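Residues per chain are reported as follows:
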2 protein chains.
Amino acid sequence: MPYEYETDGAAIYLQSFATIRAEADLDQFAPDEEQVAVRMIHAAGLVGLEQNCLFSPGFVQAARAALEAGAPILCDARMVSEGITRPRLPANNDVICTLHNDGVRELAADMQNTRSAAALELWRPHLQGAVVAIGNAPTALFHLLNMLEDPDCPRPAAIIGCPVGFVGAVESKDALWADQPVPCCIVQGRLGGSAITVAAVNAIASRKE
Amino acid sequence: MPYEYETDGAAIYLQSFATIRAEADLDQFAPDEEQVAVRMIHAAGLVGLEQNCLFSPGFVQAARAALEAGAPILCDARMVSEGITRPRLPANNDVICTLHNDGVRELAADMQNTRSAAALELWRPHLQGAVVAIGNAPTALFHLLNMLEDPDCPRPAAIIGCPVGFVGAVESKDALWADQPVPCCIVQGRLGGSAITVAAVNAIASRKE
């Protein structure tokens, strides 16, 4: 006998988000933040993630306004750039990942850093007013913070800082949250990753659920 | 003052995997399975995930032998196909995601199913002996199980079944685990996703850590 299951994508989203809103503790969030947090929980399959989701004041508005004005989205990994749902973007925004660009490997060797960090040097022409989405590499987030210590470095409009893992993820996100060089959101702790980061971008890009 | 942090990618991996092995309860796994579970925990940033990682007997060996023999990897989402580290693949294996192929949207409408499920119909010419990596859509996993109820349907060598979320993820993975039409692994429960799925493929593809 074939399995029977829900096959209507819209119904699946509706039911998923209703389950999350029934189970998660979302009282801490403003309405715009709540939509972002719900989508992040959805991507992770993890009620409770909301306890680690921190949004700086005005973050969602700043990031959304930037996207509506046509800002590019700068991603540290192809899993992030590939996951962003293009039809949700309000201005056919460019989605840029420079990780595999020519010269990044050599630049990383010169910098004695990871390719993920070196790739951010290629962001500079796009960085002013951009939305940054870091969902993989702590070294990328650390390097961005160091770049932004230079007052002459272009400033992004907002930073989604959700690298994942066991070395540098906690520390780089804590550093972003302490510095807040621009409006930002983080997932505190080891959790994070490309799917959660993509979910934040997709939620900011459109209020449609 | 610029932030100081570990910038050596190899050292980051070593330290991450050592932390996971110190903290996680990996006694249940055979050595080949342990390497896969460690990488899945790494991708999720979540010690404890190992409690949900189930491998059927011979799964790692079957999937690895298939890759070494040149089998393609069939992925349900671009975040999965993009995340697989090509230099780890033993036979320059094809990595195939048909989700955005021409005709999938129309086929989904005809099938009254999601695009993720419909895309699997385009797997048929590649399915015999392939490694299947489902890291996003429960409907894809359910549809695969229904396809495999037909004895004339080509059989993959192994199935990584890790869809994530709140509608159908638990049920589709439980169904795979109950059926075991071919060697398989799952992450039981709501957790799963593209990063965990990619980690499993990358660990199977090469024992190198």
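Refer to the preceding data block for the structure.
Every value quoted in this text rests on a predicted model; they were computed, and no experiment measured them.

A. Main features of the overall build of chain A. Secondary structure assignment for chain A yields 10 helices and six strands. Dimensions of chain A, computed from the C-alpha atoms along their principal axes, are close to 60 × 40 × 35 Å. Taken across its 209 residues, chain A has 58% of its residues classed as buried. For chain A, restricting intrachain contacts to residue pairs at least 6 apart in sequence, the fraction spanning at least 24 positions comes to 64%. Averaging the positions of the 14 positive and the 25 negative side-chain charges in chain A gives two centres separated by 4 Å.

B. Representation of the packing of aromatic side chains within the structure. Per the stated rule, a full pass over the model turns up 10 aromatic pairs over all chains. Arranged with centres 6.1 Å apart and planes meeting at 35°, the rings of Phe55 of chain B and Phe59 of chain B form a pair that is tilted. Classification of Phe55 of chain B as buried rests on a relative accessible area of 11%. A relative accessible area of 1% places Phe59 of chain B in the buried class. Ring pairs connect the aromatic residues Tyr3 and Tyr5 of chain A together with Phe142 of chain B, which therefore count as one cluster.

C. Structural context of the sheet that holds strand 5 (residues 158-161) of chain A. Residues and elements named next belong to chain A. Strand order in this open sheet of six strands is 1-6-5-4-2-3, and the pairing throughout is mixed. Edge positions in the sheet fall to strand 1 (53-55) and strand 3 (95-97), since each has one partner strand and no second. Along the sheet, successive strands turn relative to each other by an average axial angle of 15°, direction set aside. Relative to strand 5, strand 4 (residues 131-134) is paired through four bridges, and the arrangement is parallel. When the sheet's bridge partners are listed, Ala133 is paired in strand 5 with Ile160. Against the sheet, helix 2 (residues 31-44) contacts strand 1 and strand 6 (184-187), and its axis sits at roughly 150° relative to strand 1.

D. Inspection of the interface of chain B and chain A at higher detail. Each side of the interface is counted separately: chain B has 44 residues, and chain A has 44 residues. Taken together, both faces of the contact between chain B and chain A bury some 3600 Å²; the carbon and sulfur share is 62%. Across the chain B-chain A interface, the total number found is four salt bridges. A salt bridge links Arg190 of chain B to Glu23 of chain A, with the shortest nitrogen-to-oxygen separation between them at 2.8 Å. Applying the counting criterion to the chain B and chain A interface returns 14 residue pairs in polar contact (both at pLDDT 80 or more). When contributions to the side of chain B that touches chain A are tallied by element, the ones reaching two or more residues are helix 1 (9-23), helix 2 (31-44), helix 4 (78-83), helix 7 (138-148), helix 8 (169-179) and helix 9 (194-205) of chain B. When residues in the side of chain B that touches chain A are grouped by element, the largest group, seven residues, is from helix 1 of chain B. Grouping the constituent residues of the side of chain B that touches chain A by class yields 21 nonpolar, 16 polar and seven charged.

E. Representation of the packing of helix 2 of chain B against helix 9 of chain B in the model. All names here are of chain B. Contact pair helix 2 / helix 9: the axes reach a minimum separation of 8 Å and the direction vectors enclose 145°. By crossing handedness, the relation of helix 2 to helix 9 is classed as right-handed. Taken together, the residues of helix 9 that come into contact with helix 2 (itself represented by Gln35, Val36, Arg39, Met40, Ala43 and Ala44) are Ala195, Ile196, Ala199, Ala200, Asn202, Ala203 and Ile204. Class assignment of the residues belonging to the contact of helix 2 with helix 9 gives a composition of 10 nonpolar, two polar and one charged.

F. Broad picture of the sheet that holds strand 5 (residues 158-161) of chain B. Residues and elements named next belong to chain B. Ordered in space as 1-6-5-4-2-3, the six strands form an open sheet in which the pairing is mixed. Every interior strand has two partners, whereas the edge strands, strand 1 (53-55) and strand 3 (95-97), have only one. Put simply, the sheet's adjacent strands are angled 15° from each other on average, direction ignored. Examined bridge by bridge, strand 1 and strand 6 (residues 184-187) share three bridges and lie antiparallel to one another. Along strand 6, the bridge assignment pairs Phe55 with Cys185. Where helix 2 meets the sheet, it contacts strand 1 and strand 6, and its direction lies at approximately 150° from that of strand 1.

G. Summary view of the side chain of Asp32 of chain B. Residues and elements named next belong to chain B. Secondary-structure assignment places Asp32 in helix 2. A polar contact is formed between the side chain of Asp32 and the side chain of Arg64, at a distance of 3.4 Å. Other than its neighbours up to four places away in sequence, Asp32 contacts Val60, Gln61, Arg64 and Arg207.

H. Local environment of the pairing of strand 4 (residues 131-134) of chain B. Residues and elements named next belong to chain B. On strand 4, burial covers both faces: Val131 and Ala133 on one face and Val132 and Ile134 on the other are all buried. Bridge analysis of strand 2 (residues 73-75) against strand 4 gives three bridges, and the strand direction is parallel. Counterpart to Cys75 in the pairing with strand 4 is Ala133. In this fold, the crossover linking strand 4 to strand 5 by way of helix 7 has right-handed handedness.

Rules used in this analysis
- Residues numbered from 1 in each chain as written.
- Chains lettered and ligands numbered in written order.
- Predicted model: local features only at pLDDT ≥ 70, side-chain atom pairs only at ≥ 80, totals over all residues.
- Heavy atoms only, no water.
- Helix = DSSP H or I, 4+ residues; strand = E, 2+ residues; numbered from the N terminus.
- Buried < 20%, exposed > 50% of the residue type's maximum accessible area, 1.4 Å probe, protein only.
- Contact = heavy atoms within 4.5 Å.
- Lys, Arg positive; Asp, Glu negative; His and termini not counted.
- Charge placed at Lys NZ, Arg CZ, Asp CG, Glu CD.
- Phe/Tyr/Trp six-rings, centres within 6.5 Å; stacked < 30°, edge-to-face > 60°.
- Pairing = 2+ DSSP bridges.
- Axes fitted to C-alpha atoms, helices over the stretch in contact; angles between N-to-C directions.
- Buried area = accessible area lost by both parts, 1.4 Å probe.
- Salt bridge = Lys/Arg side-chain N within 4 Å of Asp/Glu carboxyl O.
- Polar contact = N/O pair within 3.5 Å; in protein donor to acceptor, adjacent residues only side chain to side chain.
- Nonpolar A, V, L, I, M, F, W, Y, C, P; charged D, E, K, R; others polar.
- Left-handed = near helix turned anticlockwise from the far one by under 90°.
- Right-handed = clockwise from strand over helix to strand, strands pointing away.

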